[in-house]
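An overview of the molecular structure
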Amino acid sequence: MTRIVQSTVLPAPPEDVWNIIRDFNGHETWHPAVATSQIERGYLSDMVGCVRRFQLQDGAELREQLLALSDADHSFTYCLLETPIPLFNYIAHVRLLPVTDGNGTFWEWQAQFDVPEEQLDRMMTLVGDQIIQAGFQAVHTQLEADGPTNTPPHYAAQMQE
Amino acid sequence: MMARVFVSSVIPATTDQVWDRIRDFNGLANWHPGMRESRIEDGRPADQVGCVRNFKLQSGETIRERLLGLSDFDNSCTYAILESPMPVTSYRATLSLLPVTLGNRCFAQWSAEFECAPNDLGAVTKRLSLDVFQSGFDALKRHFGG
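For clarity, every value in this text was computed on a predicted model and none was experimentally measured.

1. Brief notes about the interface of chain B and chain A
- Counting residues at the interface gives 25 residues for chain B, matched by 20 residues for chain A.
- Overall, the association of chain B and chain A removes approximately 1,800 Å² of surface from exposure, summing both partners, and the carbon and sulfur fraction of that is 55%.
- Considering only the side of chain B, the residues that lose the most area to chain A are R4, F6 and L102 of chain B, jointly responsible for 27% of the buried surface there.
- On inspection of chain B and its partner chain A, the count reaches one salt bridge.
- Note that K141 of chain B and D101 of chain A form a salt bridge whose closest N and O atoms lie 2.6 Å from each other.
- Counting across the interface, chain B meets chain A through nine residue pairs in polar contact (both at pLDDT 80 or more).

Here is the structure:
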């Protein structure tokens, strides 16, 4: 089992980042590796269990299933069902945490998978650079293009019943 | 009333470097400007889960806290207040670190949950979030040159 964990800090609050990445079918609009994407069987893209079928820029087609989605934690988990790429038992998890000191976001993206030994380096690069890092960079660029946010700081104190 | 305070920051050092500085449950006074004169009660080791630290704030007030959990795997420390000048009960706090792989930095989060009278909540929240948590992070940022 191979595990990759990568993280970055973005200069906008979690709510703004979540608005970009929450939609399980929305990666065609923000992730540079994805050309087109559809949710199968007319499901809604925030129905846990839905499947996205999508095509990469090189034409490869993949299917991924949404395993968990939380607006409370700003997190989601998904697995790969079908792919022409030699990645097996692939599960990925994305989560956002507020950086209260500066009104930013800590974004962690991790993936675990099995891969044939001779393909390990190539798959580490594919997942680490072309999927995760490219995703971080694309959202960073989009936030900068959107300009300063109007979202108020994540308040340090939350009252609970 | 149950309340929660959450403060987080980014420290310009690796997770290992920051953890080295904050791991010692008896070492708060070494890195936090608001604390002094810490000792572990009953001569126990500072990384023995269950041990109690007894330290003073710069104001001279005494706080006693019990170590509930310490993880070198997660880089986190959880503790409860046994005695303090603050009007809180059932106080439990966690300080933890996560690596920011892009740029060799460290994401630090410090949160507390406690019971508190509604009239005291504003003052307690302000004291914890600014004088304790953010003040500690500011000291770490200064130490590591941020």
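Let's pick the thread back up.
2. Some words on the environment of C77 of chain B
All names here are of chain B.
- Structurally, C77 is set in strand 5 (residues 76–83).
- The class for C77 is buried, based on a relative accessible area of 10%.
- Apart from residues no more than four positions distant in its own chain, C77 is found in contact with W19, F25, L67, G69, L70, A93, T94 and L95.

3. Description of the pattern of salt bridges
Residues and elements named next belong to chain A.
- Evaluated as defined, the whole model comprises 18 salt bridges over all chains.
- With its nearest N and O atoms 2.7 Å apart, the salt bridge here joins R22 to D71. Separated by 49 residues along the polypeptide, R22 in the loop between helix 1 (14–21) and helix 2 (27–30) and D71 in the loop between strand 4 (61–70) and strand 5 (75–82) bring together distant segments of the chain.
- Take R22: its relative accessible area is 25%, and that puts it in the partly exposed class.
- Note on D71: relative accessible area 43%, which makes it partly exposed.

4. Some remarks on the nonpolar core
- Residues Y91, W110, F114, L128 and F133 of chain B are the most contacted members of the largest nonpolar core, which totals 41 residues.
- Of all the elements, helix 3 (residues 118–143) of chain B adds the most residues to this core, at seven residues.
- Contacts of Y91 of chain B, omitting those with residues within four sequence positions, involve Y79, A80, I81, A112, E113, F114, L128 and F133 of chain B.
- By size, the runner-up hydrophobic cluster in this structure holds 38 residues, among which are C50, F54, L66 and F76 of chain A.

5. Describing the sheet that holds strand 5 of chain A
Residues and elements named next belong to chain A.
- The strand order across the open sheet built from seven strands is 1-7-6-5-4-3-2, with neighbouring strands paired in antiparallel fashion. Sheet topology places strand 1 (2–10) and strand 2 (34–39) at the edges, where each strand pairs with a single neighbour. If you compare each strand with its neighbour and ignore which way they point, the axes differ by 20° on average.
- Inspection of the sheet shows strand 5 paired to strand 6 (residues 88–99) by five bridges, in the antiparallel sense. Bridge pairing in strand 6 places T77 opposite H93.
- Each of strand 1, strand 4, strand 5, strand 6 and strand 7 (104–114) touches helix 1; the most contacted strand, strand 6, lies at about 150° to it.

6. Structural notes on a nonpolar patch on the surface
- On the surface, Y43, L44 and M47 of chain A cluster together into a nonpolar patch covering about 280 Å² of accessible area.
- Inspection of the secondary structure puts M47 of chain A in the loop between strand 2 and strand 3 (51–56).

7. Some remarks on the side chain of T15 of chain B
Residues and elements named next belong to chain B.
- Mapping T15 onto the fold places it in helix 1 (residues 15–22).
- The class for T15 is buried, based on a relative accessible area of 8%.
- With residues near it in sequence (within four places) discarded, T15 still touches N75, L97, L98, P99, R105 and C106.

8. What to know about the confidence of the model for chain B
- Averaged over chain B, the pLDDT score is 96; the fraction of residues at 70 or greater is 99%.
- For this predicted complex, the interface confidence score (ipTM) comes to 0.89, while the overall pTM stands at 0.91.

9. Here's the deal with the pairing of strand 7 (residues 105–116) of chain B
Residues and elements named next belong to chain B.
- Within strand 7, nine of the twelve residues are buried, which leaves the element mostly enclosed by the surrounding structure.
- Bridge analysis of strand 1 (residues 2–11) against strand 7 gives ten bridges, and the strand direction is antiparallel. Looking at the pairing, A3 lines up with F114 of strand 7.
- Inspection of the sheet shows strand 6 (residues 88–100) paired to strand 7 by eleven bridges, in the antiparallel sense. Residue L98 lies in a different strand from strand 7, and its bridge partner there is F107.
- Here strand 6 hands over to strand 7 after four residues, with G103 in that stretch at a positive phi of 105°.

Each value, and the rule that gives it
Residues numbered from 1 in each chain as written. Chains lettered and ligands numbered in written order. Predicted model: local features only at pLDDT ≥ 70, side-chain atom pairs only at ≥ 80, totals over all residues. Heavy atoms only, no water. Contact = heavy atoms within 4.5 Å. Buried area = accessible area lost by both parts, 1.4 Å probe. Salt bridge = Lys/Arg side-chain N within 4 Å of Asp/Glu carboxyl O. Polar contact = N/O pair within 3.5 Å; in protein donor to acceptor, adjacent residues only side chain to side chain. Helix = DSSP H or I, 4+ residues; strand = E, 2+ residues; numbered from the N terminus. Buried < 20%, exposed > 50% of the residue type's maximum accessible area, 1.4 Å probe, protein only. Core = buried A, V, L, I, M, F, W, Y, C linked by side-chain atoms within 4.5 Å. Pairing = 2+ DSSP bridges. Axes fitted to C-alpha atoms, helices over the stretch in contact; angles between N-to-C directions. Patch = residues over 30% accessible without salt bridge, like charges linked within 9 Å, V, L, I, M, F, W, Y side chains within 5 Å. Areas by Shrake-Rupley, 256 points an atom, 1.4 Å probe, with all protein chains shown as cover. pLDDT = per-residue confidence, 0-100.

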